[in-house]
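# Coordinate inspection notes
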Amino acid sequence: RRDRADLLNKDSSVIDAGCGNGRNLIFLHKQFGMSGIGVDISAAAIAQAKKASKELPISYQVASAGHTLPTPDESQALALDMMTSHFLSKEERTKLRDELYRTLVPGGYLFMKTFLKDKDLHTKRLLEERPGPELGSYIHPVMGVAEYVYSEEELVNFLSEKFIVHKIYRS
């Protein structure tokens, strides 16, 4: 089904790992009536999220997305990783993938947004000139933190250990 009303409705919940100010959770509530749980490492971002959605059925927790998520098994219709996992170490990325899988109801969906290094000359230069602590990572020139970048094949292989990859969109 293309509309997925079975997942996107007032009786469903979404987990957003790396939720920032809560904008995706707020949108999903306003658009579909969904409840949600947001996790972010930034206490300031969580404070903004709580303020912006104080009347909504959304809860937030200050925590790393690379640790155990505060959700029961098979409790979430949708899981979001929106530009979060690329900041995590290999072990943390694996933990996050496995936790998102654990929390999803059977037939639930993971929606992930991340960088891909294929045909990206800027990323190629960063990987060469500013290598990070693990192969495939670089040190961000402004933030000074490590960022991991998948190739499309690496991402599909990684996610396919737990998920069925339906589509990859490039922008």
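What counts as what
Residues numbered from 1 in each chain as written. Predicted model: local features only at pLDDT ≥ 70, side-chain atom pairs only at ≥ 80, totals over all residues. Heavy atoms only, no water. 1 Å grid on protein atoms, 1.4 Å probe; cavity = no way out; pocket = protein on both sides within 12 Å on 5 of 7 lines; lining within 4 Å. Points joined across faces, edges and corners; volume = space filled by probe spheres on them. Helix = DSSP H or I, 4+ residues; strand = E, 2+ residues; numbered from the N terminus. Nonpolar A, V, L, I, M, F, W, Y, C, P; charged D, E, K, R; others polar. Buried < 20%, exposed > 50% of the residue type's maximum accessible area, 1.4 Å probe, protein only. Pairing = 2+ DSSP bridges. Right-handed = clockwise from strand over helix to strand, strands pointing away. Core = buried A, V, L, I, M, F, W, Y, C linked by side-chain atoms within 4.5 Å. Contact = heavy atoms within 4.5 Å.

### A word on the layout of surface pockets
The space that makes up the largest pocket amounts to roughly 1600 Å³. Together, 43 residues line the largest pocket, and Y109, L110, F111, M112 and K167 are the ones closest to its centre. Looking at the lining of the largest pocket, the elements that each hand over two or more residues are α1 (23-32), β4 (76-82), β5 (104-113) and α5 (152-160). The element contributing the most residues to the lining of the largest pocket is β5, with 10 residues. Taken together, the residues of the lining of the largest pocket sort by class into 26 nonpolar, six polar and 11 charged.

### Observations concerning the environment of L96
Looking at the secondary structure, you find L96 in helix α3 (residues 90-103). On a C-alpha basis, the gap between L96 and L159 in space is 11 Å, while along the polypeptide they are 63 residues apart.

### Here we look at the pairing of strand β1 (residues 13-17)
Extensive coverage of β1 is indicated by the burial of five of its five residues. Side chains S13, I15 and A17 project from β1 onto one buried face, and the interleaved V14 and D16 project onto a second face that is buried too. Sheet analysis places β1 next to strand β2 (residues 35-40), joined by five bridges and oriented parallel. Looking at β2, one finds that V14 is bridged to G36. Following the backbone out of β1, through α1 and into the adjacent parallel β2, one traces a crossover that is right-handed. Where β1 and β4 come together, three bridges link them in parallel fashion.

### Structural notes on the nonpolar core
Core analysis: the biggest nonpolar cluster contains 18 residues, and I15, L69, L96, L100 and Y150 have the highest contact counts within it. If you list the elements that add at least two residues to this core, you get β1, β2, α3 and α5. The greatest single-element share of this core, amounting to three residues, is contributed by α5. Not counting residues within four places of it along the chain, the set of residues in contact with L69 comprises I15, V39, L96, E99, L100 and R102. Judged by nonpolar contacts, the second largest core, of 15 residues, contains L7, C19, I26 and L28.

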